[in-house]
Amino acid sequence: MVARLATVALLLPGFAARGESLAAFGAPSAAAALGTPFDGRCILAGCVAPPLNTPGIAPHRAQDARCGPRCAVVAPLRRGPHGADCAPWGGTARRLARLGATPHFHHGLLDAWGQAAPPGPPMALVQPEAPAGPPLMVTLHDALERAKQYDAQFQLSVTDVEVARGDRVQARSALLPAVSQSTQFLGNSPNGVNPNGRFVSLDGVQMYRSWAVVHQELSPNVLMRTPLRKARAAEAAAQAKLEIARRGLAVTVTRNYYGLVVAQRKYAAAQEAAQQAARFFEMSQQQQRLGQVARSDVLKAEIQYQQQQQGYRDALVAVENARLALAVLLFPVLNGNFAVVDDLAAAPPLPPFTDVRTMAGRNNPDVRAADRALRAAGQDVRAAKNAFLPGIVIDGVYGIEANEFALHSRVAAQPELGVLPNLGYFITVNLTVPIWDWGGLRSKLHQSESRQHQAEVTLTQTQRQVMSNLYSMYNEALGAKSAVDNLQHVAELAAESLRLTTLRYQAGESTALEVVDAQNTLVQARNAGDDAQARYRLALAELQTLTGPF
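A short tour of the structure in this document, coming up. This is a predicted model, so every value here is computed, not measured.

So, how was this worked out
- Residues numbered from 1 in each chain as written.
- Predicted model: local features only at pLDDT ≥ 70, side-chain atom pairs only at ≥ 80, totals over all residues.
- Heavy atoms only, no water.
- Pairing = 2+ DSSP bridges.
- Helix = DSSP H or I, 4+ residues; strand = E, 2+ residues; numbered from the N terminus.
- Expected span 1.5 Å × (residues − 1).
- Axes fitted to C-alpha atoms, helices over the stretch in contact; angles between N-to-C directions.

This paragraph deals with the pairing of strand E7 (residues 414–421). Two faces belong to every sheet, and in a regular strand the side chains alternate between them. The sheet contact formed by strand E6 (residues 408–411) and E7 spans four bridges and is antiparallel. Bridging across to E7, Arg-410 finds its partner in Val-419. Counting the residues between successive antiparallel strands, the hairpin from E6 to E7 contains two residues.

This is the structure we're talking about:
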(Lines give C-alpha, C1' and ligand atoms only; values in the text may rest on other atoms or scores of the structure.)
Protein backbone atom coordinates (compact mmCIF):
# COMPACT_ATOMS: atom_id res chain seq x y z
CA MET A 1 0.00 0.00 0.00
CA VAL A 2 2.84 2.35 0.82
CA ALA A 3 4.42 1.59 -2.54
CA ARG A 4 1.22 2.40 -4.40
CA LEU A 5 0.81 5.68 -2.48
CA ALA A 6 4.39 6.61 -3.27
CA THR A 7 3.79 5.91 -6.98
CA VAL A 8 0.66 8.06 -6.98
CA ALA A 9 2.50 10.86 -5.19
CA LEU A 10 5.21 10.78 -7.86
CA LEU A 11 2.66 11.04 -10.65
CA LEU A 12 0.53 13.87 -9.21
CA PRO A 13 0.94 17.01 -11.34
CA GLY A 14 1.88 20.31 -9.77
CA PHE A 15 4.19 18.90 -7.12
CA ALA A 16 7.76 19.96 -6.80
CA ALA A 17 10.35 18.28 -4.63
CA ARG A 18 10.51 19.74 -1.20
CA GLY A 19 13.37 22.21 -0.90
CA GLU A 20 13.93 22.37 -4.68
CA SER A 21 12.57 24.63 -7.41
CA LEU A 22 11.09 23.55 -10.72
CA ALA A 23 14.17 24.73 -12.54
CA ALA A 24 16.36 22.49 -10.46
CA PHE A 25 14.29 19.47 -11.49
CA GLY A 26 14.69 19.87 -15.20
CA ALA A 27 12.42 22.70 -16.21
CA PRO A 28 13.32 24.12 -19.61
CA SER A 29 15.35 26.95 -18.13
CA ALA A 30 17.45 24.63 -16.05
CA ALA A 31 17.94 22.21 -18.96
CA ALA A 32 19.08 25.05 -21.13
CA ALA A 33 21.41 26.28 -18.44
CA LEU A 34 23.01 22.85 -18.14
CA GLY A 35 23.26 22.35 -21.88
CA THR A 36 20.96 19.32 -21.94
CA PRO A 37 18.49 19.29 -24.88
CA PHE A 38 15.48 17.78 -23.12
CA ASP A 39 12.86 19.83 -24.97
CA GLY A 40 11.06 20.98 -21.87
CA ARG A 41 11.04 17.58 -20.25
CA CYS A 42 12.67 16.88 -16.96
CA ILE A 43 16.20 15.59 -16.48
CA LEU A 44 16.94 12.31 -18.26
CA ALA A 45 13.58 12.14 -20.05
CA GLY A 46 11.17 12.67 -17.23
CA CYS A 47 13.00 11.58 -14.08
CA VAL A 48 13.84 13.88 -11.17
CA ALA A 49 16.58 13.77 -8.59
CA PRO A 50 16.25 14.36 -4.87
CA PRO A 51 18.72 16.61 -3.18
CA LEU A 52 22.08 15.08 -2.60
CA ASN A 53 21.69 15.64 1.15
CA THR A 54 18.29 13.95 1.53
CA PRO A 55 18.35 11.76 4.67
CA GLY A 56 18.14 8.03 4.04
CA ILE A 57 19.48 8.23 0.47
CA ALA A 58 22.75 6.63 -0.42
CA PRO A 59 25.13 9.42 -1.41
CA HIS A 60 26.62 7.46 -4.31
CA ARG A 61 23.17 6.78 -5.77
CA ALA A 62 21.69 10.29 -5.59
CA GLN A 63 21.97 12.33 -8.75
CA ASP A 64 21.26 15.73 -10.11
CA ALA A 65 21.33 16.92 -13.69
CA ARG A 66 25.10 16.52 -13.83
CA CYS A 67 25.39 13.07 -12.27
CA GLY A 68 25.84 9.61 -13.80
CA PRO A 69 23.64 7.51 -16.10
CA ARG A 70 21.35 5.85 -13.56
CA CYS A 71 17.80 6.91 -12.74
CA ALA A 72 17.28 10.16 -10.88
CA VAL A 73 14.81 8.49 -8.51
CA VAL A 74 17.25 6.53 -6.40
CA ALA A 75 17.13 3.79 -3.79
CA PRO A 76 17.49 4.23 -0.05
CA LEU A 77 20.15 2.54 1.96
CA ARG A 78 17.78 -0.25 2.96
CA ARG A 79 17.93 -3.53 0.93
CA GLY A 80 14.93 -5.61 -0.06
CA PRO A 81 14.40 -9.33 0.55
CA HIS A 82 15.75 -10.26 -2.90
CA GLY A 83 18.86 -8.16 -2.63
CA ALA A 84 17.42 -5.26 -4.61
CA ASP A 85 17.13 -1.78 -3.22
CA CYS A 86 13.69 -0.95 -1.84
CA ALA A 87 13.34 2.13 -4.01
CA PRO A 88 11.40 4.24 -3.57
CA TRP A 89 8.92 2.64 -1.16
CA GLY A 90 9.26 1.09 2.23
CA GLY A 91 11.38 2.13 5.20
CA THR A 92 12.97 5.53 4.80
CA ALA A 93 11.90 5.57 1.18
CA ARG A 94 8.74 7.41 2.27
CA ARG A 95 10.87 10.53 2.04
CA LEU A 96 10.92 10.10 -1.74
CA ALA A 97 7.15 9.87 -1.82
CA ARG A 98 6.96 13.20 -0.06
CA LEU A 99 9.32 14.75 -2.58
CA GLY A 100 6.63 14.76 -5.25
CA ALA A 101 7.39 15.50 -8.90
CA THR A 102 7.09 18.28 -11.45
CA PRO A 103 4.56 18.32 -14.29
CA HIS A 104 7.45 17.67 -16.66
CA PHE A 105 8.22 14.40 -14.94
CA HIS A 106 4.57 13.42 -15.14
CA HIS A 107 4.45 14.20 -18.85
CA GLY A 108 7.64 12.25 -19.67
CA LEU A 109 6.47 9.19 -17.73
CA LEU A 110 3.16 9.09 -19.55
CA ASP A 111 5.03 9.26 -22.87
CA ALA A 112 7.13 6.25 -21.89
CA TRP A 113 3.97 4.36 -20.88
CA GLY A 114 2.38 4.93 -24.26
CA GLN A 115 5.33 3.60 -26.30
CA ALA A 116 5.15 0.15 -27.89
CA ALA A 117 7.98 -2.01 -29.18
CA PRO A 118 8.49 -1.74 -32.95
CA PRO A 119 7.58 -4.81 -34.96
CA GLY A 120 10.36 -7.27 -35.72
CA PRO A 121 11.09 -9.36 -38.78
CA PRO A 122 10.01 -11.41 -40.80
CA MET A 123 11.15 -9.81 -44.00
CA ALA A 124 9.86 -11.03 -47.36
CA LEU A 125 12.79 -12.02 -49.60
CA VAL A 126 12.64 -12.97 -53.26
CA GLN A 127 13.58 -16.60 -53.84
CA PRO A 128 13.96 -18.82 -56.90
CA GLU A 129 11.11 -21.09 -57.82
CA ALA A 130 11.45 -24.51 -56.24
CA PRO A 131 9.59 -27.79 -56.75
CA ALA A 132 6.77 -28.47 -54.37
CA GLY A 133 7.25 -30.91 -51.53
CA PRO A 134 9.39 -31.23 -48.44
CA PRO A 135 12.96 -29.91 -48.66
CA LEU A 136 15.70 -32.29 -49.70
CA MET A 137 17.96 -33.19 -46.77
CA VAL A 138 21.60 -32.86 -47.86
CA THR A 139 24.65 -34.06 -45.95
CA LEU A 140 28.21 -32.96 -46.67
CA HIS A 141 28.88 -36.24 -48.52
CA ASP A 142 25.76 -35.74 -50.64
CA ALA A 143 26.85 -32.19 -51.40
CA LEU A 144 30.28 -33.39 -52.56
CA GLU A 145 28.80 -36.04 -54.85
CA ARG A 146 26.29 -33.63 -56.33
CA ALA A 147 28.92 -30.96 -56.90
CA LYS A 148 31.03 -33.41 -58.91
CA GLN A 149 28.16 -33.78 -61.36
CA TYR A 150 27.40 -30.11 -61.88
CA ASP A 151 30.62 -28.18 -61.30
CA ALA A 152 31.99 -26.97 -64.63
CA GLN A 153 35.63 -26.78 -63.51
CA PHE A 154 35.60 -30.33 -62.18
CA GLN A 155 33.92 -31.64 -65.33
CA LEU A 156 36.59 -29.88 -67.39
CA SER A 157 39.22 -31.88 -65.52
CA VAL A 158 37.23 -35.05 -66.18
CA THR A 159 37.19 -34.17 -69.88
CA ASP A 160 40.95 -33.61 -69.85
CA VAL A 161 41.43 -37.10 -68.41
CA GLU A 162 39.27 -38.61 -71.12
CA VAL A 163 41.18 -36.74 -73.81
CA ALA A 164 44.51 -37.85 -72.32
CA ARG A 165 43.29 -41.42 -72.24
CA GLY A 166 42.37 -41.15 -75.91
CA ASP A 167 45.82 -39.76 -76.72
CA ARG A 168 47.41 -42.74 -75.01
CA VAL A 169 45.31 -45.20 -77.00
CA GLN A 170 46.16 -43.41 -80.23
CA ALA A 171 49.88 -43.33 -79.41
CA ARG A 172 49.88 -47.06 -78.72
CA SER A 173 48.02 -47.73 -81.95
CA ALA A 174 50.58 -45.73 -83.93
CA LEU A 175 53.32 -48.14 -82.83
CA LEU A 176 51.57 -51.14 -84.39
CA PRO A 177 51.16 -51.99 -88.09
CA ALA A 178 48.16 -50.39 -89.76
CA VAL A 179 46.04 -52.59 -92.03
CA SER A 180 43.65 -51.12 -94.58
CA GLN A 181 41.76 -52.23 -97.67
CA SER A 182 40.94 -50.22 -100.76
CA THR A 183 39.12 -51.01 -104.01
CA GLN A 184 39.56 -48.75 -107.07
CA PHE A 185 38.53 -48.49 -110.70
CA LEU A 186 40.98 -46.76 -113.02
CA GLY A 187 39.63 -45.60 -116.39
CA ASN A 188 42.38 -44.84 -118.97
CA SER A 189 41.74 -42.64 -121.97
CA PRO A 190 42.15 -44.76 -125.19
CA ASN A 191 44.27 -43.50 -128.07
CA GLY A 192 42.85 -45.83 -130.75
CA VAL A 193 46.20 -47.45 -131.54
CA ASN A 194 47.63 -49.49 -128.67
CA PRO A 195 45.49 -51.37 -126.15
CA ASN A 196 46.87 -49.74 -123.00
CA GLY A 197 45.51 -46.24 -123.78
CA ARG A 198 47.04 -42.83 -123.46
CA PHE A 199 48.44 -43.16 -119.88
CA VAL A 200 51.45 -45.39 -120.33
CA SER A 201 51.63 -46.24 -116.61
CA LEU A 202 48.48 -48.34 -117.08
CA ASP A 203 48.29 -51.53 -119.07
CA GLY A 204 44.75 -51.13 -120.33
CA VAL A 205 41.81 -48.85 -120.87
CA GLN A 206 40.12 -50.34 -117.78
CA MET A 207 41.88 -51.34 -114.60
CA TYR A 208 40.71 -52.60 -111.19
CA ARG A 209 42.53 -52.55 -107.89
CA SER A 210 41.59 -54.31 -104.69
CA TRP A 211 44.39 -54.08 -102.17
CA ALA A 212 44.95 -55.00 -98.55
CA VAL A 213 47.67 -52.62 -97.36
CA VAL A 214 49.95 -53.08 -94.35
CA HIS A 215 51.83 -49.95 -93.24
CA GLN A 216 54.58 -49.96 -90.62
CA GLU A 217 56.93 -47.18 -89.58
CA LEU A 218 60.24 -48.17 -88.00
CA SER A 219 61.54 -44.83 -86.83
CA PRO A 220 63.60 -44.35 -83.65
CA ASN A 221 60.55 -42.86 -81.88
CA VAL A 222 58.56 -45.99 -82.68
CA LEU A 223 61.32 -48.33 -81.64
CA MET A 224 61.80 -46.44 -78.32
CA ARG A 225 58.03 -46.05 -77.85
CA THR A 226 58.52 -42.37 -77.18
CA PRO A 227 55.01 -41.18 -78.16
CA LEU A 228 53.39 -43.84 -75.95
CA ARG A 229 55.54 -42.92 -72.96
CA LYS A 230 54.72 -39.26 -73.41
CA ALA A 231 51.00 -40.03 -73.67
CA ARG A 232 51.13 -42.13 -70.52
CA ALA A 233 52.88 -39.35 -68.62
CA ALA A 234 50.32 -36.83 -69.88
CA GLU A 235 47.46 -39.09 -68.82
CA ALA A 236 48.97 -39.52 -65.35
CA ALA A 237 49.35 -35.73 -65.10
CA ALA A 238 45.71 -35.30 -66.11
CA GLN A 239 44.66 -37.84 -63.48
CA ALA A 240 46.65 -35.94 -60.86
CA LYS A 241 45.05 -32.66 -61.93
CA LEU A 242 41.65 -34.31 -61.67
CA GLU A 243 42.47 -35.26 -58.09
CA ILE A 244 43.59 -31.69 -57.45
CA ALA A 245 40.27 -30.46 -58.84
CA ARG A 246 38.34 -32.96 -56.70
CA ARG A 247 40.09 -31.86 -53.52
CA GLY A 248 39.72 -28.21 -54.45
CA LEU A 249 36.02 -28.77 -55.07
CA ALA A 250 35.78 -30.41 -51.65
CA VAL A 251 37.20 -27.24 -50.10
CA THR A 252 34.70 -25.10 -52.01
CA VAL A 253 31.75 -27.29 -51.07
CA THR A 254 32.90 -27.46 -47.45
CA ARG A 255 33.19 -23.67 -47.30
CA ASN A 256 29.74 -23.12 -48.79
CA TYR A 257 28.12 -25.96 -46.87
CA TYR A 258 29.30 -24.85 -43.47
CA GLY A 259 28.83 -21.24 -44.52
CA LEU A 260 25.13 -22.03 -44.71
CA VAL A 261 25.25 -23.91 -41.40
CA VAL A 262 26.96 -20.98 -39.68
CA ALA A 263 24.57 -18.51 -41.31
CA GLN A 264 21.65 -20.48 -39.90
CA ARG A 265 23.27 -20.53 -36.46
CA LYS A 266 23.89 -16.81 -36.62
CA TYR A 267 20.29 -16.32 -37.67
CA ALA A 268 19.14 -18.22 -34.59
CA ALA A 269 21.56 -16.23 -32.42
CA ALA A 270 20.30 -12.98 -33.95
CA GLN A 271 16.73 -14.03 -33.29
CA GLU A 272 17.53 -14.77 -29.66
CA ALA A 273 19.47 -11.50 -29.35
CA ALA A 274 16.48 -9.61 -30.77
CA GLN A 275 14.23 -11.28 -28.23
CA GLN A 276 16.62 -10.40 -25.41
CA ALA A 277 16.79 -6.82 -26.62
CA ALA A 278 12.99 -6.69 -26.75
CA ARG A 279 12.75 -7.99 -23.19
CA PHE A 280 15.31 -5.46 -22.03
CA PHE A 281 13.44 -2.69 -23.82
CA GLU A 282 10.23 -3.72 -22.11
CA MET A 283 12.02 -4.03 -18.77
CA SER A 284 13.49 -0.53 -19.05
CA GLN A 285 10.05 0.87 -19.91
CA GLN A 286 8.52 -0.82 -16.91
CA GLN A 287 11.24 0.47 -14.61
CA GLN A 288 10.85 3.95 -16.04
CA ARG A 289 7.14 3.83 -15.27
CA LEU A 290 8.06 2.96 -11.70
CA GLY A 291 10.56 5.78 -11.58
CA GLN A 292 13.54 3.49 -11.15
CA VAL A 293 15.48 4.32 -14.34
CA ALA A 294 16.03 7.37 -16.44
CA ARG A 295 14.62 8.00 -19.86
CA SER A 296 18.15 7.63 -21.24
CA ASP A 297 18.06 3.93 -20.27
CA VAL A 298 14.88 3.45 -22.29
CA LEU A 299 16.45 5.21 -25.24
CA LYS A 300 19.56 3.04 -24.98
CA ALA A 301 17.41 -0.08 -24.75
CA GLU A 302 15.40 0.97 -27.78
CA ILE A 303 18.58 1.68 -29.75
CA GLN A 304 19.85 -1.78 -28.83
CA TYR A 305 16.50 -3.29 -29.80
CA GLN A 306 16.52 -1.61 -33.20
CA GLN A 307 20.11 -2.63 -33.84
CA GLN A 308 19.39 -6.24 -32.94
CA GLN A 309 16.31 -6.20 -35.14
CA GLN A 310 18.43 -5.00 -38.03
CA GLY A 311 21.00 -7.67 -37.26
CA TYR A 312 18.16 -10.18 -37.30
CA ARG A 313 17.11 -9.05 -40.77
CA ASP A 314 20.70 -9.04 -42.00
CA ALA A 315 21.13 -12.59 -40.70
CA LEU A 316 18.07 -13.64 -42.69
CA VAL A 317 19.60 -12.17 -45.86
CA ALA A 318 22.90 -13.90 -45.09
CA VAL A 319 21.15 -17.26 -44.77
CA GLU A 320 19.45 -16.83 -48.12
CA ASN A 321 22.69 -15.76 -49.82
CA ALA A 322 24.54 -18.76 -48.36
CA ARG A 323 21.75 -21.07 -49.51
CA LEU A 324 21.91 -19.72 -53.06
CA ALA A 325 25.71 -20.03 -53.16
CA LEU A 326 25.47 -23.71 -52.19
CA ALA A 327 22.52 -24.36 -54.52
CA VAL A 328 24.65 -23.31 -57.51
CA LEU A 329 26.95 -26.26 -56.79
CA LEU A 330 24.33 -28.87 -55.97
CA PHE A 331 21.62 -28.68 -58.63
CA PRO A 332 21.43 -28.44 -62.43
CA VAL A 333 18.85 -25.66 -62.02
CA LEU A 334 18.77 -23.14 -59.19
CA ASN A 335 16.78 -24.74 -56.39
CA GLY A 336 16.68 -23.54 -52.80
CA ASN A 337 14.29 -26.20 -51.49
CA PHE A 338 16.85 -28.15 -49.47
CA ALA A 339 18.16 -28.36 -45.94
CA VAL A 340 21.64 -29.14 -44.66
CA VAL A 341 22.65 -31.25 -41.69
CA ASP A 342 24.37 -29.30 -38.93
CA ASP A 343 27.31 -31.54 -38.01
CA LEU A 344 29.82 -28.83 -37.17
CA ALA A 345 30.42 -30.32 -33.75
CA ALA A 346 31.19 -33.76 -35.24
CA ALA A 347 34.45 -32.77 -36.90
CA PRO A 348 37.11 -35.51 -37.15
CA PRO A 349 40.18 -35.23 -34.92
CA LEU A 350 43.43 -33.83 -36.26
CA PRO A 351 46.05 -36.59 -36.83
CA PRO A 352 49.60 -36.20 -35.52
CA PHE A 353 51.92 -34.21 -37.75
CA THR A 354 54.15 -37.21 -38.49
CA ASP A 355 51.21 -39.10 -39.98
CA VAL A 356 50.10 -36.05 -41.94
CA ARG A 357 53.58 -35.55 -43.37
CA THR A 358 53.76 -39.20 -44.41
CA MET A 359 50.41 -38.99 -46.18
CA ALA A 360 51.41 -35.76 -47.91
CA GLY A 361 54.64 -37.28 -49.20
CA ARG A 362 52.91 -40.41 -50.45
CA ASN A 363 49.68 -39.09 -51.90
CA ASN A 364 50.10 -35.49 -52.98
CA PRO A 365 48.53 -34.79 -56.40
CA ASP A 366 50.36 -31.48 -56.93
CA VAL A 367 53.78 -33.11 -56.78
CA ARG A 368 52.54 -36.05 -58.83
CA ALA A 369 51.18 -33.79 -61.56
CA ALA A 370 54.42 -31.79 -61.71
CA ASP A 371 56.47 -34.99 -61.83
CA ARG A 372 54.40 -36.44 -64.68
CA ALA A 373 54.64 -33.16 -66.56
CA LEU A 374 58.44 -33.37 -66.26
CA ARG A 375 58.38 -36.92 -67.63
CA ALA A 376 56.29 -35.80 -70.58
CA ALA A 377 58.73 -32.97 -71.27
CA GLY A 378 61.59 -35.49 -71.17
CA GLN A 379 59.87 -37.58 -73.83
CA ASP A 380 59.51 -34.48 -75.99
CA VAL A 381 63.29 -33.99 -75.78
CA ARG A 382 63.87 -37.59 -76.77
CA ALA A 383 61.49 -37.32 -79.72
CA ALA A 384 63.23 -34.15 -80.91
CA LYS A 385 66.60 -35.93 -80.78
CA ASN A 386 65.25 -38.97 -82.62
CA ALA A 387 64.18 -36.72 -85.48
CA PHE A 388 67.88 -36.43 -86.48
CA LEU A 389 68.07 -40.21 -87.09
CA PRO A 390 67.01 -42.13 -90.25
CA GLY A 391 63.56 -43.65 -90.48
CA ILE A 392 62.16 -46.61 -92.38
CA VAL A 393 58.62 -47.00 -93.69
CA ILE A 394 57.40 -50.35 -94.99
CA ASP A 395 54.22 -50.78 -97.07
CA GLY A 396 53.04 -54.26 -98.03
CA VAL A 397 50.23 -54.70 -100.59
CA TYR A 398 48.30 -57.90 -101.32
CA GLY A 399 45.46 -58.08 -103.83
CA ILE A 400 44.74 -57.57 -107.52
CA GLU A 401 45.51 -54.93 -110.11
CA ALA A 402 44.10 -56.17 -113.43
CA ASN A 403 42.05 -55.25 -116.48
CA GLU A 404 39.16 -57.28 -115.09
CA PHE A 405 37.79 -57.44 -111.57
CA ALA A 406 38.59 -61.14 -111.19
CA LEU A 407 41.17 -63.47 -109.78
CA HIS A 408 42.16 -64.58 -113.33
CA SER A 409 42.01 -62.56 -116.55
CA ARG A 410 43.85 -61.68 -119.74
CA VAL A 411 46.28 -58.80 -119.79
CA ALA A 412 44.95 -56.20 -122.23
CA ALA A 413 48.42 -55.29 -123.49
CA GLN A 414 49.40 -58.94 -124.03
CA PRO A 415 46.29 -60.98 -124.80
CA GLU A 416 48.39 -63.65 -126.47
CA LEU A 417 49.61 -64.82 -123.06
CA GLY A 418 46.17 -66.10 -122.23
CA VAL A 419 44.46 -66.11 -118.84
CA LEU A 420 46.84 -65.33 -116.01
CA PRO A 421 46.37 -65.14 -112.23
CA ASN A 422 45.78 -61.62 -110.88
CA LEU A 423 46.23 -62.16 -107.12
CA GLY A 424 49.65 -61.12 -105.82
CA TYR A 425 51.65 -58.79 -103.58
CA PHE A 426 54.40 -56.25 -103.65
CA ILE A 427 56.42 -54.55 -100.89
CA THR A 428 57.76 -51.00 -100.69
CA VAL A 429 60.55 -50.08 -98.27
CA ASN A 430 61.32 -46.39 -97.91
CA LEU A 431 64.46 -45.22 -96.06
CA THR A 432 64.51 -41.53 -95.14
CA VAL A 433 67.74 -39.89 -93.96
CA PRO A 434 67.51 -36.26 -92.77
CA ILE A 435 70.36 -34.21 -94.19
CA TRP A 436 69.50 -30.52 -94.04
CA ASP A 437 66.39 -28.67 -92.97
CA TRP A 438 67.74 -25.15 -92.31
CA GLY A 439 67.80 -25.60 -88.53
CA GLY A 440 64.17 -26.60 -88.04
CA LEU A 441 64.90 -29.84 -86.18
CA ARG A 442 67.53 -28.20 -83.99
CA SER A 443 65.07 -25.42 -83.09
CA LYS A 444 62.50 -28.01 -82.05
CA LEU A 445 65.13 -29.66 -79.86
CA HIS A 446 65.92 -26.36 -78.14
CA GLN A 447 62.22 -25.76 -77.53
CA SER A 448 61.71 -29.15 -75.94
CA GLU A 449 64.81 -28.71 -73.74
CA SER A 450 63.51 -25.34 -72.55
CA ARG A 451 60.17 -26.87 -71.65
CA GLN A 452 61.95 -29.67 -69.80
CA HIS A 453 63.95 -27.15 -67.78
CA GLN A 454 60.80 -25.26 -66.93
CA ALA A 455 59.14 -28.49 -65.83
CA GLU A 456 62.10 -29.21 -63.54
CA VAL A 457 61.83 -25.77 -61.94
CA THR A 458 58.08 -26.22 -61.54
CA LEU A 459 58.55 -29.58 -59.85
CA THR A 460 61.10 -28.31 -57.32
CA GLN A 461 59.00 -25.24 -56.53
CA THR A 462 55.91 -27.39 -56.15
CA GLN A 463 57.73 -29.61 -53.68
CA ARG A 464 58.82 -26.59 -51.63
CA GLN A 465 55.36 -25.06 -51.80
CA VAL A 466 53.70 -28.30 -50.70
CA MET A 467 55.98 -28.52 -47.68
CA SER A 468 55.30 -24.89 -46.82
CA ASN A 469 51.56 -25.41 -47.21
CA LEU A 470 51.74 -28.54 -45.10
CA TYR A 471 53.21 -26.70 -42.14
CA SER A 472 50.99 -23.63 -42.50
CA MET A 473 47.78 -25.61 -43.03
CA TYR A 474 48.53 -27.92 -40.12
CA ASN A 475 49.21 -24.93 -37.89
CA GLU A 476 45.99 -23.34 -39.10
CA ALA A 477 44.11 -26.50 -38.16
CA LEU A 478 45.77 -26.47 -34.74
CA GLY A 479 44.82 -22.83 -34.24
CA ALA A 480 41.26 -23.44 -35.39
CA LYS A 481 40.90 -26.41 -33.05
CA SER A 482 42.18 -24.34 -30.14
CA ALA A 483 39.82 -21.51 -31.09
CA VAL A 484 36.86 -23.91 -31.06
CA ASP A 485 37.55 -25.02 -27.51
CA ASN A 486 38.32 -21.52 -26.28
CA LEU A 487 35.43 -19.69 -27.91
CA GLN A 488 32.89 -22.26 -26.77
CA HIS A 489 33.97 -21.52 -23.22
CA VAL A 490 33.83 -17.79 -23.93
CA ALA A 491 30.26 -18.13 -25.23
CA GLU A 492 29.26 -19.92 -22.03
CA LEU A 493 30.86 -17.18 -19.95
CA ALA A 494 29.14 -14.49 -22.04
CA ALA A 495 25.74 -16.12 -21.51
CA GLU A 496 26.30 -16.25 -17.76
CA SER A 497 27.57 -12.67 -17.78
CA LEU A 498 24.42 -11.48 -19.53
CA ARG A 499 22.23 -13.31 -17.04
CA LEU A 500 24.03 -11.80 -14.06
CA THR A 501 24.17 -8.32 -15.60
CA THR A 502 20.44 -8.41 -16.27
CA LEU A 503 19.75 -9.41 -12.68
CA ARG A 504 22.01 -6.64 -11.44
CA TYR A 505 20.20 -4.17 -13.66
CA GLN A 506 16.85 -5.27 -12.27
CA ALA A 507 18.31 -4.75 -8.81
CA GLY A 508 19.54 -1.29 -9.78
CA GLU A 509 23.21 -2.21 -9.50
CA SER A 510 24.28 -1.98 -13.15
CA THR A 511 23.68 0.42 -16.01
CA ALA A 512 21.90 0.00 -19.29
CA LEU A 513 25.23 0.28 -21.05
CA GLU A 514 26.46 -2.78 -19.17
CA VAL A 515 23.39 -4.77 -20.21
CA VAL A 516 23.77 -3.73 -23.84
CA ASP A 517 27.46 -4.56 -23.75
CA ALA A 518 26.70 -7.98 -22.26
CA GLN A 519 24.11 -8.65 -24.98
CA ASN A 520 26.50 -7.65 -27.74
CA THR A 521 29.28 -9.68 -26.18
CA LEU A 522 27.09 -12.78 -26.10
CA VAL A 523 26.12 -12.41 -29.77
CA GLN A 524 29.73 -11.86 -30.77
CA ALA A 525 30.95 -14.79 -28.69
CA ARG A 526 28.40 -17.17 -30.15
CA ASN A 527 29.09 -16.03 -33.68
CA ALA A 528 32.83 -16.31 -33.08
CA GLY A 529 32.36 -19.85 -31.77
CA ASP A 530 30.37 -20.85 -34.85
CA ASP A 531 32.96 -19.24 -37.10
CA ALA A 532 35.70 -21.13 -35.29
CA GLN A 533 33.99 -24.47 -35.86
CA ALA A 534 33.54 -23.68 -39.55
CA ARG A 535 37.15 -22.52 -39.70
CA TYR A 536 38.30 -25.85 -38.26
CA ARG A 537 36.24 -27.79 -40.79
CA LEU A 538 37.64 -25.70 -43.63
CA ALA A 539 41.18 -26.10 -42.28
CA LEU A 540 40.78 -29.88 -42.33
CA ALA A 541 39.46 -29.78 -45.91
CA GLU A 542 42.40 -27.64 -47.02
CA LEU A 543 44.85 -29.93 -45.25
CA GLN A 544 43.31 -32.90 -47.02
CA THR A 545 44.15 -31.29 -50.37
CA LEU A 546 47.72 -32.27 -49.53
CA THR A 547 47.19 -35.57 -47.75
CA GLY A 548 43.96 -37.03 -49.07
CA PRO A 549 41.14 -38.16 -46.78
CA PHE A 550 42.03 -39.14 -43.21
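Let us now look at helix H14 (residues 512–547). The terminal C-alpha atoms of H14, which comprises 36 residues, lie 52 Å apart, in line with the 52 Å expected from a rise of 1.5 Å per residue. One or two residues past the end of H14 sits Gly-548, with phi positive at roughly 85°.

Turning next to unusual backbone geometry. Here Arg-225, not a glycine, exhibits a phi torsion of approximately 60°, which is positive. Following the sequence through the fold, Arg-225 ends up in the loop between helix H8 (220–224) and helix H9 (226–289). Notably, Trp-438 is not glycine yet its phi reads approximately 60°, a positive angle. Secondary-structure assignment places Trp-438 in the loop between strand E8 (424–432) and helix H13 (440–506).

With that settled, the discussion passes to the sheet that holds strand E2 (residues 178–187). In spatial order, the strands read E2-E3-E5-E8; together these four strands make up an open sheet with antiparallel pairing. Each end of this open sheet is capped by a strand with a single partner; those strands are E2 and E8. Averaged over neighbouring strand pairs, the angle between their axes works out to 25° when direction is ignored. Bridge count between strand E3 (residues 206–218) and strand E5 (residues 391–402): eleven bridges; the pairing is antiparallel. From the neighbouring strand, Leu-218 faces E5, where its bridge partner is Ile-392.

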